[in-house]
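Observations on chain architecture
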Amino acid sequence: MHERRFPISQVHKLEDPERRKWLPPDEVMRFLDIHADWTIADIGAGIGYFTLPMARIAAKVFAVDVEPGMLARIESRLIEAELNNVVCLQGEASATGLAGSSCDCILMANVWHEFDDHAAVLAEAARILKPNGRLAVLDWRADFDAPPGPPQAHRIPKEVAQFAISDGGFRVHSVCHVGTYSWFLMGLRTGEGEK
Ligand SMILES: C[S@@+](CC[C@H](N)C(=O)[O-])C[C@H]1O[C@@H](n2cnc3c(N)ncnc32)[C@H](O)[C@@H]1O
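Residues numbered from 1 in each chain as written. Predicted model: local features only at pLDDT ≥ 70, side-chain atom pairs only at ≥ 80, totals over all residues. Heavy atoms only, no water.

Observations concerning the environment of Gly 187
The topology assignment puts Gly 187 in strand β7 (residues 182-189). Each C-alpha atom, one on Gly 187 and one on Gly 169, is 9.1 Å from the other, the two residues being 18 residues apart in sequence. Excluding its chain neighbours within four sequence positions, the residues that come into contact with Gly 187 are Gly 133, Arg 134, Leu 135, Phe 170, Arg 171, Val 172 and His 173. (Helix = DSSP H or I, 4+ residues; strand = E, 2+ residues; numbered from the N terminus. Contact = heavy atoms within 4.5 Å.)

Some points on the site of the ligand
As a matter of local geometry, the ligand sits amid 21 residues, with Gly 44, Asp 65, Ala 93, Ala 109 and Asn 110 nearest to it. Measuring from a nitrogen atom of the ligand, one finds a backbone N or O atom of Ala 109 at 2.8 Å. Take Asn 110: an N or O atom from its side chain is 2.8 Å from an oxygen atom of the ligand. Relative to its unbound accessible area of 600 Å², the ligand is 97% covered by the protein chains. Looking at the shell around the ligand residue by residue, the classes come out as 11 nonpolar, 4 polar and 6 charged. (Near = heavy atom within 4 Å. Polar contact = N/O pair within 3.5 Å; in protein donor to acceptor, adjacent residues only side chain to side chain. Areas by Shrake-Rupley, 256 points an atom, 1.4 Å probe, with all protein chains shown as cover. Nonpolar A, V, L, I, M, F, W, Y, C, P; charged D, E, K, R; others polar.)

Here's the deal with the confidence of the model for the protein chain
Looking at the protein chain as a whole, its pLDDT mean stands at 95, while 97% of the residues score no less than 70. For the protein chain, per-element mean pLDDT is lowest for helix α1 (residues 11-15), which scores 92, and highest for strand β1 (residues 39-43), which scores 99. (pLDDT = per-residue confidence, 0-100.)

Some details on unusual backbone geometry
Residue Asp 33 is not a glycine yet carries a positive backbone phi of 50°. Mapping Asp 33 onto the fold places it in the loop between α3 (25-32) and β1. On the accessibility criterion, Asp 33 (44% relative accessible area) is partly exposed. In this structure, Asn 110 takes a positive phi of about 60° despite not being glycine. With respect to the element layout, Asn 110 can be found in the loop between β4 (103-109) and α6 (118-128). For Asn 110, a relative accessible area of 13% translates into the label buried. (Buried < 20%, exposed > 50% of the residue type's maximum accessible area, 1.4 Å probe, protein only.)

A short note on the layout of surface pockets
Within this model, the largest pocket holds a volume of roughly 920 Å³. What lines the largest pocket is a set of 46 residues, and nearest its centre among them are Phe 6, Asn 110, Val 111, His 113 and Glu 114. Of all the secondary structure elements, the ones that give two or more residues to the lining of the largest pocket are α1, α2 (19-22), β1 and β2 (60-65). Grouping the amino acids of the lining of the largest pocket by side-chain chemistry returns 22 nonpolar, 11 polar and 13 charged. Of the volumes computed, that of the second largest pocket is approximately 150 Å³. Around the second largest pocket, the lining residues are Arg 20, Pro 25, Asp 26, Tyr 49, Leu 52, Pro 53, Arg 56, Arg 77, Glu 80 and Ala 81. Breaking the lining of the second largest pocket down by element, the ones donating at least two residues are α3, α4 (51-55) and α5 (68-81). Split into classes, the residues belonging to the lining of the second largest pocket amount to 5 nonpolar, no polar and 5 charged. (1 Å grid on protein atoms, 1.4 Å probe; cavity = no way out; pocket = protein on both sides within 12 Å on 5 of 7 lines; lining within 4 Å. Points joined across faces, edges and corners; volume = space filled by probe spheres on them.)

What follows is the structure, given as structure tokens:
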């Protein structure tokens, strides 16, 4: 595991009720503008901080994470919440195992700075998204220093992510700040040869 990967030993940080104040899930849901018939992939889902609110709106959510301990937490939260439209999958962002053109939307929240190979992650996102599907990336602002969040040196400015996403075949639809410490970027999957 590389040094930027979020360790399961720190899972209490994801579960901290204070988080809801500086990163309100409802605010993110508004930016996502989820439709009731959508299939969504939550990549790097963690404990399901966003998986569950998305599952309350969308038809189906795939929660993908490399860490089985995180997925186990989502599973128990799903039972408690009586939600049965989420499928938990152990997988890599660059190789999710999801079918091609199967998703209307992908969320990558607080995981962009943990990826080693953004081009490979974007190629996988383009593969699993339907034409004109949405890629939403949310991560830590680089103009703040920790805490909370990763050290300054691990943070990626939104402008850098924006460049990577358009280079990876997505049309940037919107870029903004969300909550207190985060940026949010929405890209649309473009067609073949179109940018
Ligand atoms: C900081 S947590 C964020 C969890 C959740 N998205 C949230 O905002 O609460 C990052 C999660 O991404 C997972 N992760 C990191 N790198 C990954 C990769 N390459 N593929 C899939 N999951 C990954 C970690 O195991 C961890 O659960």
